[in-house]
Amino acid sequence: MDDYSRQATRLEAIGGSYDKWLLGAAVTLASIGIVMVASSSIALTQSPFYYLTRHLVFIGIGVILAMVTMRVELKEIEKYNQLLLLGCFALLIVVFIPGLGSSVNGARRWVNLGVSKFQTVEAVKVLYIVWLSSYLVRFRDEVNATWQAMLKPVGVVGLLVGLLLMQPDFGSSMLLLGITICMLVLGGAQITRIILPVLLLLPGLVLLVIFEPYRMRRVTSFMDPWQDQLGSGYQLSNALMAIGRGEWTGVGLGASIQKLNYLPESHTDFIFSVIAEELGFIGVCGIISLYVLLVGRAFWLGMRCIEMRRHFAGYIAFGIALWISLQTFVSIGVNLGILPTKGLTLPLISSGGSSVMMTCVAMGLLLRVSYEYNRAVRRQEVRDDIEPMVEDAELAPAAAPSASAVAAAMQNNATRGTSRMQQRVEPTFGRIA
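As the structure is a computational prediction, the values presented were derived from the model and not from experiment. (Residues numbered from 1 in each chain as written. Predicted model: local features only at pLDDT ≥ 70, side-chain atom pairs only at ≥ 80, totals over all residues. Heavy atoms only, no water.)

What follows deals with the sheet that holds strand S1 (residues 101-104). On the basis of which strands lie adjacent, the open sheet formed by 3 strands has the order S1-S2-S3 and antiparallel pairing. Lying at the two open borders of the sheet, with one neighbouring strand each, are S1 and strand S3 (117-119). The sheet shows a mean angle of 50 degrees between the axes of neighbouring strands, taken without regard to direction. Examined bridge by bridge, S1 and strand S2 (residues 107-112) share 4 bridges and lie antiparallel to one another. (Pairing = 2+ DSSP bridges. Helix = DSSP H or I, 4+ residues; strand = E, 2+ residues; numbered from the N terminus. Axes fitted to C-alpha atoms, helices over the stretch in contact; angles between N-to-C directions.)

Structure, rendered in structure tokens:
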């Protein structure tokens, strides 16, 4: 093997590193979630640590799944994009199969696994983001130029939304629609073309709310929960009382009153209200700051990947960032009374097996994106240092760089931060015209 073959071998041996900011934000939020699940659920059952134990088990499974995801090359995942889309439809259909699907409070959203129930839409969120990322890579130019390429993802998400509304799950339907529209814009679709399908969908969504009594009650109750405080406004009025009691510094960890069987779903959908009551405004600001760090870092990572022409990785980062940000916004908005009640958990914090595990998988996928980006940057830096030596070798073969010189250049670059890359390409965003 000559020196140049050794150069290629050593270049391929260069690995990457996982983004410490992403990892730190995710671990901190998950740790806060463990504490708050323990606090908010302690009075819900005779066994004070029942929900905490379940939450820890699901966190453990989620961490294992995340570690597996972090070790899989994105190019290997991209190969199965069509199977992932089929998996989305299969998961949403299986809940209607007698013996497999399970109904809770009139909603048929779960699959009975014997030891536990799994809400299939949580897995669909991950699979759909990966498929849509792959689609935007394969049809990047067409999405911007033709109606057909842009409307295909809209048609796919329309079918998924139809299956979700049959369960029914209005909150997850709106979440998938929001992710699709935003990713199409980030993928290059013209905003003027996006507006038309959205305007056509709005009347249908309004009719879905008007002609479904329980959805209409949610809309009217969130506008004035005190009008029917013991009826349709019971949950929101108690959530607002919990938030109001927290004031600046909170009543203290574990000292919440509303969690004592006054606030329904205090450990899942309305855990933010318990956090506000116990940790106060300062604690709430700290948690929101962690979400801003997580989402902002994910968007930053997506931008850097697009600039390096790693579009699949970039779109995955965008999709996960949109998922976490939109779901967090809706969950907090519902607790604050600025949005109608929806059954969406607070990512990485709320109790809930399916949500916890699939959010961990999403974090593992995001960390894999950061690993491959860092690896690409490090390899590019080594190439930048090797290229001048190769040019000198072509002029003077006797002075060709030795394998030891190449290794030394690689070692020197391993100790440097991200300093320079080759010519970058501006990311593609939706244009006004």
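Let's shift gears to unusual backbone geometry. A cis amide bond links Gln167 with the next residue in sequence, Pro168, at an omega value of -5 degrees. Mapped onto the elements of the fold, Pro168 is located in the loop between helix H8 (147-166) and helix H9 (170-186). Even without glycine at this site, Glu265 takes up a positive phi of about 55 degrees. By the secondary structure assignment, Glu265 is in the loop between helix H12 (234-246) and helix H13 (271-307). With a relative accessible area of 38%, Glu265 lands in the partly exposed category. The phi dihedral of Leu348 is positive, around 70 degrees, even though this residue is not glycine. Within the secondary structure, Leu348 sits in the loop between helix H14 (311-336) and helix H15 (353-395). With a relative accessible area of 9%, Leu348 lands in the buried category. (Buried < 20%, exposed > 50% of the residue type's maximum accessible area, 1.4 Å probe, protein only.)

Looking now at the environment of Arg215. With respect to the secondary-structure elements, Arg215 resides in helix H11 (residues 213-223). Overall, Arg215 belongs to the buried group, its relative accessible area being 8%. For the pair Arg215 and Pro340, spaced 125 residues apart in sequence, the C-alpha to C-alpha distance is 8.6 Å. Apart from residues no more than four positions distant in its own chain, Arg215 is found in contact with Leu165, Pro168, Phe170, Leu208 and Val209. (Contact = heavy atoms within 4.5 Å.)

Empty space left among the atoms is revealed by rolling a probe the size of a water molecule over them. The final tally for this structure, using the stated rule, is 1 cavity of 30 Å³ or more. Considered as a void within the structure, the largest cavity measures approximately 70 Å³ in volume. In this structure, the largest cavity is lined by Val154, Val157, Leu177, Ile181, Ile194, Pro197, Val198 and Leu201. Top contributing element to the lining of the largest cavity by residue count: helix H10 (residues 191-210), with 4 residues. Split by residue class, the lining of the largest cavity holds 8 nonpolar, no polar and no charged. (1 Å grid on protein atoms, 1.4 Å probe; cavity = no way out; pocket = protein on both sides within 12 Å on 5 of 7 lines; lining within 4 Å. Points joined across faces, edges and corners; volume = space filled by probe spheres on them. Nonpolar A, V, L, I, M, F, W, Y, C, P; charged D, E, K, R; others polar.)

Fair warning: the whole summary comes from geometry, so function is off the table for now.
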